[in-house]
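Analysis of the macromolecular model
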Protein chains: 2
Amino acid sequence: MDNSKLQVIPLGGLGEFGMNCLALRYGDDILVIDAGMMFPEDELPGVDTVIPDFSYLEENREHVRALILTHGHEDHIGATPFLLSELDLPVYGTEFTLALAGRRLEEHELKEQANLNVVRPGETIELGPFQVRFIHVTHSIVSAVALAIQTPLRTVVHTGDFKVDPTPTDNLLFDLHTLAEYGQRGVLLLLSDSTNVDRPGYTESERAVRPRLEDILNRATARVVVSCFSSSVHRLQQLIDLAEEFGRKVCFLGRSMISVTEIAHSLGLLRIPDRILLRPQDVMSMPRDKVLVLISGTQGEPMSALSRVAVDDHKHLSIEPGDTVVLSSRIIPGNERAIYRMINHLARRGAEVIYGSMNPPVHVSGHASAEELKLVLNLIRPRYFVPIHGEYRQLAKHAALAEHLRSAGLEETFVLETGETLEIDARGARKGERVNVGRQCIDSGSLDEVVEDLVIRDRRHLAEDGFVLPILAINKHTGNSEGEPQIVSRGFLPAEESAELLEEAARVVKRTVENSSPEERADWGVIKDKIRADLRRFLHRHTSRRPLIVPVILEV
Amino acid sequence: MDNSKLQVIPLGGLGEFGMNCLALRYGDDILVIDAGMMFPEDELPGVDTVIPDFSYLEENREHVRALILTHGHEDHIGATPFLLSELDLPVYGTEFTLALAGRRLEEHELKEQANLNVVRPGETIELGPFQVRFIHVTHSIVSAVALAIQTPLRTVVHTGDFKVDPTPTDNLLFDLHTLAEYGQRGVLLLLSDSTNVDRPGYTESERAVRPRLEDILNRATARVVVSCFSSSVHRLQQLIDLAEEFGRKVCFLGRSMISVTEIAHSLGLLRIPDRILLRPQDVMSMPRDKVLVLISGTQGEPMSALSRVAVDDHKHLSIEPGDTVVLSSRIIPGNERAIYRMINHLARRGAEVIYGSMNPPVHVSGHASAEELKLVLNLIRPRYFVPIHGEYRQLAKHAALAEHLRSAGLEETFVLETGETLEIDARGARKGERVNVGRQCIDSGSLDEVVEDLVIRDRRHLAEDGFVLPILAINKHTGNSEGEPQIVSRGFLPAEESAELLEEAARVVKRTVENSSPEERADWGVIKDKIRADLRRFLHRHTSRRPLIVPVILEV
């Protein structure tokens, strides 16, 4: 093992959206930065959660020193339970980040045994050959950090997720000074968030949502229901402050809204004035213009509180004509239809639903736009640059954005996708060997179980054209078929249309068997293949469809 | 039959996105306005096209006088072949609209027998008790019209799809004067497009895209490839004009791009300068900075020309580093992932891909924003108003937008969803009886065939958790089961995990059969139900999943 080589090994989140996870290796020591999940695509039927394939870490388990979490969003912490169930690692993060990760660990009964270590921004921890400094950044979630990682080959800076909010609601400014210092001293490699590289200019400050929210409360004569991510503590603080000003009581609804606000409050991150809280069971009995409900479910998740309110199936809240519902959130790509369906239901109940882009906005992004990304690039002035957190189109754009730094010491930008590695040594940087990566799909209701590729491929196939099963009984003594072949199908054609076709298909199967030699008939693998091929041709000719065909031979 | 009653019968497009179709009935005469299709949702696996259920029209076939098409977009004409294959109707529309509808009819070999009648804007046709005037409007497609329909109970105005473009590229202004005249004389009912009601202000003119396109061509040093809807003749004209200015040859790629531009050119709607056209087979041999490719496939449709170019699988065009690809189009909700996947592939090939919102824009909408909608409401000043073309949230917003007209004669706004009807007579307007409506799903590759609900439900179920088939051979003479029950499953659990479970499941089935009385065993319906119930319980307990269970009994 060449000990003087630094390796950057992206295990998730580069060239894809979500499940951020990156390993940094120097010699025999590996640091893991973030372990996030991804929301599944529609093409993965029945799958609820997607996480990175951790086999690289498992194969190198004795070398992995720690997991460092940059902030508490699911696409950075959501796979923590799955990683910790395989590897026994110390975890480092800010207090709030670890509290959120702890919730997930609790759900998998891993909290007790977990080794969670709170680090404050400004502090440095030592992990093998690495000294890792936590640097405060502004983001839509509180307590987010960037990392400056001192290695024997100089410093690597990992931004985590960030925006450069000039007026954060908690007045905790982005720690530009520390970044500047590192830039001054010289940074070997910058890894920087590419999520919003498509947006020109600057992302608006979190404070930009206040005028619109104020305006909504000013005009509202009945209940106001606002949905945002439960981890958006800045947003919730602004809403609670406004409720106080407007003399409204605040009610939290939804499992994650209640538990995350409790955590934020207990850590002193969320100020909740005395006597402003309203219990869920008292919402409907309060005067309608004295209530502000803060509810989870911005993405139209079917079991979320807001989705249930939308179909009037929530224990504590019914929407009545004149109520206002605000979606103070973005639409995560892929969730459009579910969200619009929920909004339609809310509108049918008579609510005025406020969502989408307007000016001033009801939501601002937590990610840096192009000018902020340039600011960070210019402060750091790295020798090498690897854009992280984004699909290929975003990484490529971020790479182009850094071109002007060529004259300021940037030697090379590497657009890496998950699994592609970078090696840096005394001679310079180059792409290294690929490592095995991939996605693990976690099925609904069976959290410890990974659904394999084949199963998902079958489901996708089934979803398209259903299945056709030719079933044949073969006498185990004589080897002859007994009775007529039977065909069972589902999801293929409407029953009344398919009856005749499937009868004919049974005759096709019978003919295939009859035309086979005794040797073929004795080899069930062969006879099944022949049946499958003949039937596939027959069905495609008559219906243009390609159902999943599974020949079954029953020994009787 | 009460002859003095006017009925508005939405068969599609109200409370849903796409498949616009509306019937207007007076006494025994029915007019049909538009017959559009809808792009299927992900929840309809394997379905390619969704069209309205036309049973109301089929049940009243002797009363249906005509189909009128407002413009040539698929969500207004796409179901024409399916409607005409059921009802033999004359079709009215502008020349371009009928040419596009004719393409669809040809694909279904219905063109020859179709009765297509060209109407020019400004002309009036008489259909039973209705006089229908075609009124020129501006929209993203050329030759779009609104309709003023004179009925025995005064005038109904149907806007079709529109924006109020103050500077259309063909200088054919929106015919506001005619709308104003009708408004002056008094309009009974306005039906108006709600698609963009969420957007404040005015939609930008089609001309707004020119500066950005010019800028792109100015900077480009290699091939420029622009994708837009093939029916966006205004956009294509601007691109062809720019190509001429910049000394680039123009090549059309993609089936619909080639055929629609041919139609537009032959009708004199698209000006193509002499010798500017480049044959597809010559694209790669031209100097790279002398080529502008206009290509179909903005929505990432897997078989489209641009998708094939993205994966370098197109006969005539390969993307090389330095090329520019522009998506001059919007993202139709639901297509996000497919489009981004395509963009990622294009970026991997080294193209600079330009898409999304920027200022100035590469795409502008064809639909009116809030201020334009108010302008039309104010010009028409109807007695009754029904917002059309949109999901419920949009219809409700459009209804709210009309409230200020209360003092200018608006008596009532009705938010109707597909199937809800409106009746107007001498006494006023009210909601009428519901009619049967719904969606017909057309399967891929089997265009004449409607996939029934049950099949789709099965496919959805299969997509979630796969299937489990318990198979039992029963001796038809003795009624006893022969051999062991066998279990076949797909899309359920990975094979290595399920082997043991399915063996146990087979024993469950065996026990169920053994514990049944001879009467139960003789009734295959009963025994199947028992097997299904026992197996469902067993599998859910052990896996938390609910595969589709289909017991099969084989007579041997």
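Per chain, residue numbering runs from 1 following the sequence as it is written. All chains are assigned letters beginning at A, and all ligands numbers beginning at 1, according to the order in which they are written. Whole-chain, interface and lining totals are the exception, using all residues; otherwise, since this is a predicted model, local features are given only for residues with pLDDT of at least 70 and side-chain atom pairs are given and counted only at 80 or more. Based on all heavy atoms of the structure, the side-chain values leave hydrogens and waters out of the count.

Observations regarding the packing of aromatic side chains
All names here are of chain A.
- Centres within 6.5 Å are what make two rings of Phe, Tyr or Trp a pair, Trp counting through its six-membered ring; a difference in plane orientation under 30 degrees is then read as stacked, over 60 as edge-to-face, and the rest as tilted. One pass over the full model with this rule turns up seven aromatic pairs over all chains.
- Taken together, a centroid distance of 6.4 Å and an interplanar angle of 65 degrees make the contact between Tyr340 and Tyr355 edge-to-face. Of this pair, Tyr340 sits in helix α10 (residues 336-348) while Tyr355 sits in the loop between β17 (352-354) and α11 (370-380), placing them 15 residues apart in sequence. Neither Tyr340 nor Tyr355 differs from the other in exposure class; each is buried.
- Ring geometry for Tyr384 against Phe414: centres 6.3 Å apart, planes inclined by 50 degrees, an arrangement best described as tilted. Of the two residues, Tyr384 is situated in strand β18 (residues 384-388) and Phe414 in the loop between β19 (412-413) and β20 (422-425); the sequence distance between them amounts to 30 residues. Each member of the pair Tyr384 and Phe414 is classed as buried.
- Arg185 extends its terminal NZ or CZ atom over the ring of Tyr182, reaching a point 4.8 Å from the ring centre. Think of it this way: any DSSP run of H or I at least four residues long counts as a helix, any run of E at least two long counts as a strand, and we number them from the N terminus. Relative accessibility thresholds used throughout: buried, under 20% of the residue-type maximum; exposed, over 50%; partly exposed, between the two (1.4 Å probe, protein chains only). Note on geometry: a ring has a charge over it if NZ (lysine) or CZ (arginine) is within 6 Å of the ring centre and within 35 degrees of the ring normal.

Structural notes on the pairing of strand β16 (residues 324-327) of chain A
All names here are of chain A.
- The alternating pattern of β16 places Thr324 and Val326 and Val325 and Leu327 on opposite faces, both of which are buried.
- Pairing between strands is defined by DSSP: at least two bridges between the two strands are required. The pairing of strand β13 (residues 224-227) with β16 spans four bridges and is classified as parallel. Among the inter-strand pairings, Val226 is bridged to a residue of β16, identified as Val326.
- Direction of pairing for β16 relative to β17: parallel, over a ladder of three bridges. Within β17, the position partnered with Thr324 by the bridge is Glu352.

Observations concerning the confidence of the model for chain A
Residues and elements named next belong to chain A.
- The score called pLDDT rates the predictor's confidence residue by residue, from a low of 0 to a high of 100. The share of residues in chain A with pLDDT of 70 or more is 95%, and the mean pLDDT across the chain is 90.
- For this analysis, residues touch if any pair of their heavy atoms sits within 4.5 Å. A low-confidence stretch, residues 444-448 stays under pLDDT 50, and its non-local contacts, those more than four residues away or across chains, total 10 contacts.
- For this predicted complex, the interface confidence score (ipTM) comes to 0.78, while the overall pTM stands at 0.81.

Structural notes on the domain arrangement of chain A
- All the domain ranges listed were derived from an automatic or database domain assignment. With domains assigned, chain A is organised as domain 1 (6-201 + 365-451), domain 2 (206-354) and domain 3 (466-555).
- If you average the C-alpha positions of domain 2 of chain A and of domain 3 of chain A, the two centres end up 56 Å apart.

Points about the sheet that holds strand β21 (residues 428-431) of chain B
Residue and element names in this part refer to chain B.
- Taken together, the eight strands give an open sheet; going across it, the order is β7-β6-β5-β3-β2-β1-β20-β21, and neighbouring strands pair in mixed fashion. Each edge of the open sheet carries a strand with a single partner, namely β7 (115-118) and β21. Geometrically, the sheet is characterised by an average inter-axis angle of 20 degrees between neighbouring strands, direction not taken into account.
- In this structure, strand β3 (residues 29-33) lies alongside strand β5 (residues 64-68), joined through four bridges in parallel fashion. Note on β5: the bridge partner recorded for Val32 is Leu67.
- Axes here mean lines fitted to C-alpha atoms, for a helix over just the part in contact, with angles spanning 0 to 180 degrees between N-to-C directions. In the packing of helix α4 (residues 95-107) onto the sheet, the strands contacted are β6 (90-93) and β7, and the crossing angle to β7 comes to about 160 degrees.

What about unusual backbone geometry?
- Of note, the bond from Asn359(A) into Pro360(A) is cis; its omega dihedral lies within 30 degrees of zero at -5 degrees.
- Examined against the element boundaries, Pro360(A) turns out to sit in the loop between β17 and α11.
- Despite not being glycine, Met19(A) has its phi angle at roughly 40 degrees, a positive value.
- Position of Met19(A) among the secondary structure elements: in the loop between β1 (6-12) and β2 (21-26).
- Positive phi outside glycine occurs at Asp312(B), with the angle close to 55 degrees.
- Among the secondary structure elements, Asp312(B) is positioned in the loop between α9 (305-310) and β16 (324-327).

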